[in-house]
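So you can see what is in the structure, the chains are spelled out below.
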Amino acid sequence: MLDNIDLVVLKITNRCNLNCQYCYEHEGKRPLGQDMSQKLFRKTVDLILMTTKKHSVNLLFHGGEPTLLSLDWFRDSVNYVHKKAEVIGKKISFSIQTNLIDISDDKLDFFLKERFSIGGSLDNPEWLDNSFRPK
Ligand code: SF4
């Protein structure tokens, strides 16, 4: 089943710095405030890279708001992936889906250095988006 995987969406946190009324994280499937541990991240990467037959794999960091995790978390994760990919002989790229509202300069520098594709959604005028985000 994992043979053909070339894109992995990693839900690394369900925390967010916004509070949209329509948020899928509010459906009560799991308690809010959970981050993915390095242990689980590494186990997931190992499983995917050892199983897929695809040469190139994209890891997409998703949430919640993934940029709430620390720079150290991203550094540890990306370094682990680079080492693992070299041993196994795979090409790994990274993406991140963010609401863009509060990315620190050091994290942005890191994402750019590691050639992350950065996705953000700008769907509506500010007044309409914010009407779904009670303070
Ligand atoms: S920005 Fe996304 S993750 Fe955050 S509250 Fe809104 S819908 Fe949920």
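Our structure is the block above this text.
Okay, so let's go over this structure. (Residues numbered from 1 in each chain as written. Predicted model: local features only at pLDDT ≥ 70, side-chain atom pairs only at ≥ 80, totals over all residues.)

**Brief notes about the overall build of the protein chain**
Regarding its fold elements, the protein chain presents four helices and four strands. When the helices and strands of the protein chain are placed in sequence order, the string is β-α-β-α-β-α-β-α. For the protein chain, the C-alpha atoms occupy an extent of roughly 50 × 35 × 25 Å along the three principal directions. Burial statistics for the protein chain: of 135 residues in total, 18% are counted as buried. Look at the contacts in the protein chain between residues 6 or more apart in sequence, and 77% of them connect residues 24 or more apart. (Helix = DSSP H or I, 4+ residues; strand = E, 2+ residues; numbered from the N terminus. Buried ≥ 20, exposed ≤ 12 C-beta atoms within 10 Å, placed from the backbone. Contact = placed C-beta atoms within 7 Å.)

**Here we look at the sheet that holds strand β4 (residues 117-120)**
Two strands in a sheet stick together by hydrogen bonds in their backbones, pointing the same way (parallel) or opposite ways (antiparallel). On the basis of which strands lie adjacent, the open sheet formed by four strands has the order β1-β2-β3-β4 and parallel pairing. The open sheet is flanked by β1 (7-11) and β4, the only strands paired with a single partner. Recorded for the sheet is a direction-independent mean angle of 20° between the axes of neighbouring strands. The pairing of strand β2 (residues 56-62) with strand β3 (residues 91-98) spans six bridges and is classified as parallel. Each residue of the ladder has a partner; that of Phe 61, found in β3, is Ile 96. (Pairing = 2+ DSSP bridges. Axes fitted to C-alpha atoms, helices over the stretch in contact; angles between N-to-C directions.)

**Quick look at the site of the ligand**
Neighbouring residues of the ligand: Cys 16, Leu 18, Asn 19, Cys 20, Cys 23, Glu 25, Gly 63, Gly 64, Glu 65 and Asn 99. Of the residues contributing to the shell around the ligand, the split by class is four nonpolar, four polar and two charged. (Near = placed C-beta within 6 Å. Nonpolar A, V, L, I, M, F, W, Y, C, P; charged D, E, K, R; others polar.)

**Considerations on the pairing of β4**
Looking at chain direction, β3 and β4 are connected through four bridges and run parallel. Each bridged residue has a counterpart across the sheet, and for Thr 98 the counterpart in β4 is Gly 120. Handedness of the β3-helix α3 (residues 105-113)-β4 crossover: right-handed. (Right-handed = clockwise from strand over helix to strand, strands pointing away.)

**Remarks on the nonpolar core**
Counting 13 residues, the largest nonpolar core has Val 8, Leu 10, Val 45, Ile 48, Leu 59, Phe 61 and Ile 96 as its most contacted members. Those elements that place two or more of their residues in this core are β1, α1 (38-51) and β2. Counting residues per element, this core draws most heavily on α1, at four residues. With near-sequence residues (within four places) excluded, Ile 96 lies in contact with Phe 61, Pro 66, Phe 111, Phe 116 and Ile 118. (Core = buried A, V, L, I, M, F, W, Y, C linked by C-beta atoms within 7 Å.)

**Side note on the environment of Ile 12**
Position of Ile 12 among the secondary structure elements: in the loop between β1 and α1. Overall, Ile 12 belongs to the buried group, with 27 C-beta atoms counted inside 10 Å. Taking the C-alpha atoms as reference, Ile 12 lies 11 Å from Gly 33; in sequence the two are 21 residues apart. With residues up to four places along the chain from it excluded, the contact list for Ile 12 reads Asp 35, Met 36, Phe 61, His 62, Gly 63, Pro 66 and Leu 69.

**Overview of helix α2 (residues 71-88)**
A rise of 1.5 Å per residue sets the reference length of α2, with its 18 residues, at 26 Å; its end C-alpha atoms lie 26 Å apart and thus fit the reference within 8%. Every buried residue of α2 is accounted for by Phe 74, Ser 77 and Val 81. Buried residues in α2, looked at end-on, bunch into an arc of 65°, giving them a common side. Exposed and facing more than 90 degrees away from the buried side of α2 are Asp 72, Asn 79, His 82, Lys 83, Glu 86 and Val 87. Those residues of α2 that are buried lie in contact with α1, β2, β3 and α3. (Expected span 1.5 Å × (residues − 1). Arc of directions from axis to C-beta.)

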